[in-house]
Amino acid sequence: MRIPQSRALSLALIAALALPIAGCARNRARTDLPYVARDVGTLYTTAKNRLDQGRFKEAALLFDEVERQHPYSIWARRAQLMSAFSYYLSRDYTQAIQSAQRFLSVHPGNRDAPYAYYLIALSYYEQITDVTRDQKITRQALDALGELMRRYPNTRYAADARLKVDLVNDHLAGKEMEIGRFYEGRGQWLAASMRFRTVIDQYQTTTHAPEALMRLTETYLALGVPQEAQRSAAVLGANYPGSDWYKRAYRLMEQHPAKPLPPVAPGQPVVPDGTPGSVNTGLPGESGSGTPTTGPATQPSTVGPNSSPNTGGRTN
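Residues numbered from 1 in each chain as written. Predicted model: local features only at pLDDT ≥ 70, side-chain atom pairs only at ≥ 80, totals over all residues. Heavy atoms only, no water.

Student: I'm lost on the overall build of the chain in this one. Help?
Tutor: Along the backbone of the chain there are 12 helices and 0 strands. Considering only contacts within the chain whose residues lie at least 6 apart along the sequence, 51% involve residues at least 24 apart. Of the roughly 19700 Å² that the chain leaves accessible, carbon and sulfur atoms contribute 55%. (Helix = DSSP H or I, 4+ residues; strand = E, 2+ residues; numbered from the N terminus. Contact = heavy atoms within 4.5 Å. Areas by Shrake-Rupley, 256 points an atom, 1.4 Å probe, with all protein chains shown as cover.)

Next up, the structure:
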């Protein structure tokens, strides 16, 4: 059976017009719900059913409808928190944070406030990326976890937050180590040592502390300060005596032993006269301490062998 050409064109036109309409309907279903007045019990029960079915985004939108249509109902407060929880389960962490913050702004003293803070912290925590990326979210997670522990230290949410704080700190220490190793690989020893020092000062209880001490030993030796390298190796040996990092640091110090500085004789300057960059350069009108003389010298000058005892370091 052949379809007339005019009818075929009409069917094609209808199909072409129907596609964008269907697309708009699907997009609206994913992002918003049409306003249909329903009683609070029906709305809340429907949202809860969607949540139980694993349709988290739909559940979140329906919980938002409870608050929108019945803002003064006792169910509206509960719906705000359930909306944040549903957004969290759907991995829409930005919306979860906003919903929980809205709940806290309206009901700051509610008994469920600790859970709202916990949801905020979890939403930041779930967004933490690897150490090669920017760690802004990681620091926001640390701040949110700290806020929860500060406000509600005796809750079960705070107990879980303490465990997560240790993991977050370990992650931030790993970022510092990543940057420090990058600088060390390029021979930028001072920049590298500052990163490793940050790990020791701020994240000394993390798993990166032994490596940071060994890397400090390496960078201090490269900078020409073996005494500091020996100190870092000693701290490493005292706290992690059986680690591979200590064995590496020990071998390094055996290859580059720190030599003690010779004692300074009484009456002699710590920096020998004439050393480039020192103040004891023997300029006319200056004493051995580098300050202008204002009267007769009470001690022989040590500027040079031709100095006169009473001329403040001037040569004849």
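Student: Explain the packing of aromatic side chains here, please?
Tutor: Remark: the centre distance and the inter-plane angle together describe each pair of aromatic rings, the angle taken between the planes. A complete count under the given rule lists 9 aromatic pairs for this structure. Judged by centre distance (4.7 Å) and plane angle (50 degrees), the rings of Tyr-44 and Trp-75 are tilted. Of this pair, Tyr-44 sits in helix α2 (residues 40-52) while Trp-75 sits in helix α4 (residues 74-89); the two residues are 31 residues apart in sequence, bridging distant segments of the chain. For the ring pair Tyr-115 and Tyr-118, a centre distance of 6.4 Å and an interplane angle of 40 degrees mean the geometry is tilted. One end of the pair is Tyr-115 and the other is Tyr-118, both in helix α6 (residues 113-125) and 3 residues apart, which spans about a single turn. Chaining the aromatic ring pairs together yields one cluster made of Tyr-44, Phe-63 and Trp-75. Of note, Lys-164 hangs over the ring of Tyr-125, and the distance from its end group to the ring centre comes to 5.4 Å. (Phe/Tyr/Trp six-rings, centres within 6.5 Å; stacked < 30°, edge-to-face > 60°. Lys NZ or Arg CZ within 6 Å of the ring centre and 35° of its normal.)

Student: Help me understand a nonpolar patch on the surface in this model?
Tutor: A cluster of nonpolar side chains, Trp-189, Leu-190, Met-194, Leu-223 and Val-225, forms an exposed patch at the surface whose accessible area comes to about 440 Å². Top element by residues in the nonpolar patch is helix α9 (residues 189-202). It accounts for 3 residues. Take Leu-190: it is sitting in helix α9. (Patch = residues over 30% accessible without salt bridge, like charges linked within 9 Å, V, L, I, M, F, W, Y side chains within 5 Å. Salt bridge = Lys/Arg side-chain N within 4 Å of Asp/Glu carboxyl O.)

Student: Sorry if this is basic, but what is going on with the side chain of Glu-176 here?
Tutor: Residue placement: Glu-176 occurs in helix α8 (residues 156-185). The exposure class assigned to Glu-176 is buried, which follows from its relative accessible area of 8%. With near-sequence residues (within four places) excluded, Glu-176 lies in contact with Arg-139, Arg-195, Thr-198, Val-199 and Tyr-203. (Buried < 20%, exposed > 50% of the residue type's maximum accessible area, 1.4 Å probe, protein only.)

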